[in-house]
Amino acid sequence: MKKEPLILGIESSCDETAAAVIRRRELLSDEIVSSAQLQARFGGVVPEIASRVHTDAIDEVVSRALCVAGVKKEELDAVAVTYGAGLLGALLVGLSFAKGFAYGLNIPLIGVNHIRGHLAAAYLEEKTLEPPFVTLLASGGHTAVLYTRSRSELEVLGGTLDDAAGEAFDKVARVLSLPYPGGPHVEALAREGRPVVPMPKMLKGAGGYDFSYSGLKTHIINYVHNKEQRGEEWSKADVAASFQSAALDILAEKTVQAALEKKVHTVTAGGGVIANGYLREKLSLLCGRAGLHLVLPEKKRCTDNAAMIAAEGLLRFEAGQFSPLTINAEASIPLR
Ligand code: KG4
Ligand code: ZN
């Protein structure tokens, strides 16, 4: 095998069109065009708009990624691309483009599971990272605590029984009349408030490494409606701060608990919610106390990006796991 594989990563599963080039675990470029602001007008992602923006942007984003990296496309060793999970039309834009690229250059195509990409972001943060480690995954569609025993052995220790953490942030943001995507807005508002609004206990009660968000979400909806119906004063910032700590403390606690039980020394994290400053601080506090080494991807590599797809592509490349050109986009795929 060539010593330093050069991999182009492409991501288009939702509202970000992204391309990145890595040489081994060194990131050479990381380009992104987002339709999030456009989507914010509609209060969520409109699949047709996402597909159109991807179609308009993909060629330029990939060219820019190659140019910034100072790499000619003929030098690439493989193209890694998200094939699922995500919006089908959006995925097809990136996947079709990647297939054409791989076929034209006669290099391998590597279909990447988007969620595995989020997990792989940590490898870019710490170049020497190797399993075993425990990972907290928290995105808009998934929330789970995972144990990576070796590069090929991944165990799901637990996850949400209903809504994903990011989804809960987005729904609570809507109740608080904050724009899409809700997470960063709830975080900003929470900084101005105090966690004084009582939250339901049931969240902590969920067994093992599982957790539940629907009770918390319903509690907040009821709290806001009751206050408004009675014409009572209430603080949006306090609700945001109370929700944020209730939703995130449990994630950090269960992750550390899992790492101790599995006797690993390292904890990693990935997914959009890991960009949350409160959660990052909580994780580093609890990991520090437990003597665990924490690897947190940079904030911009927690939300959707192509560098993480290239990073997962590298793991697959090293394992010789390539995809046929007939691979299709899939709206939902299991983690493994
Ligand atoms: O990983 P991601 O970019 O896309 C998916 O694969 O789902 O995650 C997006 C989710 C959204 O629900 C968004 O509100 C949430 O991550 N998010 C945050 C923050 N930034 C993004 N949640 C809490 N705090 C943040 N700072
Ligand atoms: Zn994502």
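Residues numbered from 1 in each chain as written. Chains lettered and ligands numbered in written order. Predicted model: local features only at pLDDT ≥ 70, side-chain atom pairs only at ≥ 80, totals over all residues. Heavy atoms only, no water.

Enquirer: Could you give an account of helix α3 (residues 88-105), naming the residues involved and the relevant values?
Expert: Between its first and last C-alpha, α3 extends 25 Å over 18 residues, near the 26 Å set by a 1.5 Å rise per residue. Those residues of α3 that are buried lie in contact with β1 (6-11), α2 (47-69), β4 (78-84) and β5 (109-113). One or two positions beyond α3, positive phi appears at N106, with a value near 60°. (Helix = DSSP H or I, 4+ residues; strand = E, 2+ residues; numbered from the N terminus. Expected span 1.5 Å × (residues − 1). Contact = heavy atoms within 4.5 Å.)

Enquirer: Now, about the sheet that holds strand β9 (residues 266-270): what can you tell me, with residues and values included?
Expert: The strand order across the open sheet built from five strands is β8-β7-β6-β9-β10, with neighbouring strands paired in mixed fashion. A strand with exactly one partner marks an edge of an open sheet, and here the two such strands are β8 (153-159) and β10 (293-295). The sheet shows a mean angle of 25° between the axes of neighbouring strands, taken without regard to direction. Sheet contacts for helix α10 (residues 277-290): β6 (133-138), β9 and β10; angle to β10, the most-contacted strand, approximately 160°. (Pairing = 2+ DSSP bridges. Axes fitted to C-alpha atoms, helices over the stretch in contact; angles between N-to-C directions.)

Enquirer: Quick one: what's the story with the domain arrangement of the chain, residue by residue and with numbers?
Expert: For the chain, the assigned domains read domain 1 (6-119 + 303-318) and domain 2 (130-301). A straight line from the C-alpha centre of domain 1 to that of domain 2 covers 27 Å. On the domain 2 side, the residues contacting the 19 residues of domain 1 number 17 residues. Of the roughly 1,500 Å² buried where domain 1 meets domain 2, counting both sides, 56% is carbon and sulfur surface. (Domains from an automatic or database assignment. Buried area = accessible area lost by both parts, 1.4 Å probe.)

Enquirer: Summarise the side chain of T148; cite the residues concerned and give the values.
Expert: Counting through the fold element by element, T148 comes out in strand β7 (residues 143-150). Apart from the residues lying within four places of it in its own chain, the contact partners of T148 are P131, P132, F133, T135, E153 and L154.

Enquirer: Give me the packing of aromatic side chains: which residues, what numbers.
Expert: All chains considered together, the criterion is met by five aromatic pairs. Measuring from centroid to centroid gives 5.6 Å for F97 and F101, while their planes differ by 25°, and the two rings are stacked. With F97 and F101 both in helix α3 and four residues apart, this pair spans about one turn of that helix. As far as burial versus exposure is concerned, F97 and F101 are alike and both buried. Judged by centre distance (5.7 Å) and plane angle (70°), the ring pair of F317 and F322 falls under edge-to-face. A relative accessible area of 10% places F317 in the buried class. (Phe/Tyr/Trp six-rings, centres within 6.5 Å; stacked < 30°, edge-to-face > 60°. Buried < 20%, exposed > 50% of the residue type's maximum accessible area, 1.4 Å probe, protein only.)

Enquirer: Tell me about the coordination of the zinc ion (ligand 2), residues and numbers included.
Expert: Under perfect tetrahedral coordination by four donors, a metal shows angles of 109.5 degrees; under perfect octahedral coordination by six donors, it shows angles of 90 or 180 degrees. Around the zinc ion (ligand 2), the protein contributes the donor atoms H114 (NE2), H118 (NE2) and D304 (OD), at 2.0 to 2.1 Å from the metal centre. Coordination at the zinc ion (ligand 2) is tetrahedral, judged from the four donor atoms that bind it and the angles of 96 to 130° they form at the metal. Counting the intervening residues between successive donors of the zinc ion (ligand 2) yields the motif H-x3-H-x185-D. Of this pair, H114 sits in helix α4 (residues 114-125) while D304 sits in the loop between β10 and α11 (307-318), and the two are 190 residues apart along the sequence. (Donors = N, O, S within 2.8 Å, 3.2 Å for Na, K, Ca; no water. Tetrahedral: all angles 85-135°; square planar, octahedral: opposite > 155°, others 65-115°.)

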